[in-house]
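Listed below are the residues making up each chain.
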Amino acid sequence: MTKTQMPPESHSFWRETSLPSFPTLESSVHTDVGIVGGGITGITAAYILAKQNINVTLIDADVIVNGTTGHTTAKITAQHGLIYDELIKHFGFDKAKLYYKAMMEAKQFIEDTIKQLDIDCDYKKEDAYIYTNSDQWKLDLEKEKQAYDQLNIEHEWSKEMPLDIPIKSVLQMKNQAQFHPLKYLNKMVHACKELGVQFYEHTTAIDVEYNKYPSIVTKRGHRIKCKQVICASHFPFYDRNSFYFARMYTGRAYILAIQSNKPFPGGMYINAESPTRSVRSTKWNGEDLWLISGENHKTGQGKSTRSHFKALQTFANEYFHVDQIKYRWSAQDITTLDKVPYIGPIKKSEDAVFVATGFRKWGMTNGTVAAKIISDYILKQSSPYHELFTPLRFKADPSIRKFAQMNADVAKHMIQGKLDNTRNNSIELARDQATVTRINGNRTGVYKDTENNLHAVDTTCTHLGCEVEWNSAERTWDCPCHGSRFSYSGEVIDGPAKQPLKQIDPSKLN
């Protein structure tokens, strides 16, 4: 492989940092708070609560910090794209101001924790830039600047920025930051262990049941009996007729980590228009590693996923003189109807079960905010943010319009999948290739791995019956309706699906 060729495997640079491993839960246990999900939300909540002498048990279906937190761009910023003008229009000035305040408090919490635990995590203060090279988007960026003015957000408006790419306008938010998320959370996990937090990996939660208090039910039939439950599992593993799958949509984004023969100029950058282009740097062996990300699309939809990496590669080659592509990876993020996360009790009638989801690609600050808000609920402390982030809200504008668009899109893909004219095909695949065929009239996905073994699955998603599509970049089967993802052999990677795809006997393929 030449230096500028794409790495053959998807692997996050952050995951080069090792974290401690933990056992699988093998029996039922009692605790005060049960947390499902070992990303920044779950671990931060465990740390906050354990410091208040709350007994905490945290489980993860995989290993901790291997979900979205381990595949982030790791910006610690209140600049979440073009959001503040929209928040003022739909929520009003006061709540838009609260959103900004919450994100800046999250940034301060991370900074304070780094100092308290003496964490070496490449924390660095940087300014955050939104830029555009489009006359059309320049108007939207100007509206965002006006929102900054109203909210008294420290900023600068310019036609220039340190990153040398063509732009017409740029909006700069001062005093933001970036870090290495796994180095940060690694130290926090060790602090949690010292405080008595119990961690379990490869332990999948499938339900919550009630006696006097809630219990988390695991796939193996064990129970975590507790007083409160925190669903920090990216997509809530527990829904209880809250219909989160109809109130959010999932999207994929892609990241290249490159070395350039140009020095990185500092700063964190994202464009206003589509396709997204986000740029920041981190340190690798004492040198700048440029993180180029973007190419957002709804999960399971659109062109070949490999083409998104190639588009980022073309962009990087054009402007940044790529010397070597060191890593590539992708991430899945969730967006709510009104773009504000759902954080709080899952339902009025179930105030002992809390949910944190819909971080819209800004999980470092939103995840930290979620941990603080839910901890306040559990510790019975007041918070100014409960109403803004409550999962029980429903704003007529834009929620009704977005709800209609999302579910019309789901219906379209549901029908397309069922009317798919795929025919019985002979299976002639090269290694590391997949296809969709029909076996006895049933739509079947077939993948040939690098060892020349065939893997066949029924392509009907086990959530609500849509037909999954092949993701060539990640070697997964992805649902275009609600974003569930499955391994090539059918195991669940991302919800809302809980059950694996049905496996097909490969001997039936010929």
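Owing to the predicted nature of the structure, the values given are computational and were not obtained by experimental measurement. (Residues numbered from 1 in each chain as written. Predicted model: local features only at pLDDT ≥ 70, side-chain atom pairs only at ≥ 80, totals over all residues. Heavy atoms only, no water.)

Enquirer: For this particular structure, what's the right way to read the overall build of the protein?
Expert: Of regular secondary structure, the protein possesses nine helices and 27 strands. Its C-alpha atoms give the protein a radius of gyration of 23 Å, within 12% of the compact-globule value 24 Å for 510 residues. In terms of overall dimensions, the protein has C-alpha extents of about 65 × 60 × 50 Å along its principal axes. In the protein, buried positions account for 59% of the 510 residues. If you take every contact in the protein between residues at least 6 apart in sequence, the share linking residues at least 24 apart comes to 70%. Carbon together with sulfur atoms contributes 46% to the accessible area of the protein, which is approximately 21300 Å² in total. (Helix = DSSP H or I, 4+ residues; strand = E, 2+ residues; numbered from the N terminus. Rg over C-alpha atoms; globule rule 2.2 N^0.38 Å. Buried < 20%, exposed > 50% of the residue type's maximum accessible area, 1.4 Å probe, protein only. Contact = heavy atoms within 4.5 Å. Areas by Shrake-Rupley, 256 points an atom, 1.4 Å probe, with all protein chains shown as cover.)

Enquirer: Sorry if this is basic, but what is going on with the sheet that holds strand 12 (residues 228–231) here?
Expert: Reading across the sheet, the six strands line up as 8-3-2-12-19-18 and stay open at both edges, with mixed pairing between neighbours. Two strands close off the open sheet at either side, each with one partner strand: strand 8 (198–200) and strand 18 (342–347). Neighbouring strand axes in the sheet, compared pairwise and without regard to direction, differ in orientation by 20 degrees on average. When strand 12 meets strand 19 (residues 350–357), the two strands line up parallel, connected through three bridges. In the strand pairing of strand 19, Ile230 is matched with Phe354. Each of strand 2 (33–36), strand 3 (56–59), strand 12 and strand 19 touches helix 1 (residues 40–50); the most contacted strand, strand 3, lies at about 170 degrees to it. (Pairing = 2+ DSSP bridges. Axes fitted to C-alpha atoms, helices over the stretch in contact; angles between N-to-C directions.)

Enquirer: Help me out: how do you make sense of the sheet that holds strand 10 (residues 214–218) in this one?
Expert: Two orientations exist for strands paired in a sheet by backbone hydrogen bonds: parallel and antiparallel. Sheet architecture is open: four strands sit in the order 1-11-10-9, paired in mixed fashion. Looking at the sheet topology across the chains shown, the edges are occupied by strand 1 (29–30) and strand 9 (205–210). By the bridge criterion, two bridges tie strand 1 to strand 11 (residues 223–225) in an arrangement that is parallel. Its bridge partner lying in strand 11, Val29 is registered against Ile224.

Enquirer: I'm lost on the environment of Gly358 in this one. Help?
Expert: Within the secondary structure, Gly358 is located in the loop between strand 19 and helix 7 (363–378). Considered as a pair, Gly358 and Lys339 are 19 residues apart in the sequence and their alpha carbons are 7.5 Å apart.

Enquirer: Explanation requested: the nonpolar core in the structure shown.
Expert: Taken as a class, soluble globular proteins show a tendency for nonpolar side chains to be buried jointly. Counting 85 residues, the largest nonpolar core has Ile35, Tyr84, Tyr184, Ile230 and Phe389 as the members making the most contacts within it. Residue contributions to this core peak at nine residues, all from helix 3 (residues 93–116). When neighbours within four sequence positions are excluded, Tyr184 is seen to be in contact with Ile40, Phe109, Ile110, Thr113, Ile114, Ile119, Cys121 and Phe179. (Core = buried A, V, L, I, M, F, W, Y, C linked by side-chain atoms within 4.5 Å.)

Enquirer: Can you walk me through the packing of aromatic side chains in this structure?
Expert: Between two aromatic rings, the relevant description is the distance of the centres plus the angle of the planes. Taken as a whole and judged by the stated rule, the model has 22 aromatic pairs. Judged by centre distance (5.0 Å) and plane angle (80 degrees), the ring pair of Tyr254 and Phe309 falls under edge-to-face. With Tyr254 in strand 13 (residues 248–260) and Phe309 in helix 6 (residues 305–320), the pair connects residues that are 55 residues apart, well separated along the chain. Like Tyr254, the residue Phe309 is buried in the burial classification. Put simply, the rings of Tyr129, Phe264, Tyr269, Trp290, Phe315, Tyr319 and Phe320 pair up and form one aromatic cluster. (Phe/Tyr/Trp six-rings, centres within 6.5 Å; stacked < 30°, edge-to-face > 60°.)

Enquirer: I keep staring at the state of the cysteines and nothing clicks. Help me out?
Expert: A disulfide bridge is the covalent bond that connects two cysteines by way of their sulfur atoms. Inspection of every chain in the model, using the stated rule, returns one disulfide. Here Cys461 is not disulfide-linked; the sulfur of Cys479 is the nearest cysteine sulfur, at 4.0 Å. For Cys461, a relative accessible area of 4% corresponds to the buried category. (Disulfide = S-S within 2.5 Å.)

Enquirer: I keep staring at the pattern of salt bridges and nothing clicks. Help me out?
Expert: Side-chain pairs of opposite charge can arise whenever the charged atoms involved come near each other. Going through the model one piece at a time under the given rule, you end up with 24 salt bridges. Between Lys183 and Asp122 there is a salt bridge, and its shortest N-O distance comes to 3.2 Å. Residue Lys183 is found in helix 5 (residues 181–194), and its partner Asp122 is found in the loop between helix 3 and strand 5 (124–132); the two are separated by 61 residues along the sequence. A relative accessible area of 25% places Asp122 in the partly exposed class. The closest approach of N and O atoms between Lys168 and Asp135, which form a salt bridge, is 3.9 Å. (Salt bridge = Lys/Arg side-chain N within 4 Å of Asp/Glu carboxyl O.)

Enquirer: Can you walk me through the packing of helix 1 against helix 7 in this structure?
Expert: What describes two packed helices is the angle between their axes and the distance between those same axes. At a minimum axis distance of 8 Å, the contact between helix 1 and helix 7 shows a crossing angle of 40 degrees. Between helix 1 and helix 7, the angle falls in the class oblique. Here the hand of the crossing between helix 1 and helix 7 comes out right-handed. Of the residues in helix 7, those in contact with Ile40, Thr41, Thr44, Ala45, Ile48 and Leu49 of helix 1 are Gly363, Met364, Gly367, Thr368, Ala370, Ala371, Lys372, Ser375 and Ile378. Among the residues making up the contact of helix 1 with helix 7, the classes are represented as eight nonpolar, six polar and one charged. (Parallel < 35°, antiparallel > 145°, perpendicular 65-115°, else oblique. Left-handed = near helix turned anticlockwise from the far one by under 90°. Nonpolar A, V, L, I, M, F, W, Y, C, P; charged D, E, K, R; others polar.)

Enquirer: Sorry if this is basic, but what is going on with the environment of His222 here?
Expert: For His222, the position within the fold is in the loop between strand 10 and strand 11. Looking at His222, the relative accessible area reads 16%, which means it is buried. His222 sits 232 residues away from Leu454 along the chain, and the two C-alpha atoms are 34 Å apart. Excluding residues that lie within four positions of it along the chain, His222 makes contacts with Leu25, Glu26, Ser27, Ser28, Ile216 and Val217. Reaching out from His222, the side chain makes a polar contact with the backbone oxygen of Glu26 at a distance of 3.2 Å. (Polar contact = N/O pair within 3.5 Å; in protein donor to acceptor, adjacent residues only side chain to side chain.)

Enquirer: Hey, could you run me through the pairing of strand 7 (residues 169–178) in this one?
Expert: The side chains of a regular strand alternate, residue by residue, between the two faces of the sheet. For strand 7, the tally of buried residues reaches eight of 10 residues, placing the bulk of the element in the interior. Taken together, the two bridges between strand 4 (residues 75–76) and strand 7 define a ladder with antiparallel strand orientation. Of the residues in strand 7, the one forming a bridge with Lys75 is Gln178. Pairing of strand 6 (residues 155–158) with strand 7 involves four bridges; the strand directions are antiparallel. Note on strand 7: the bridge partner recorded for Trp157 is Leu171.

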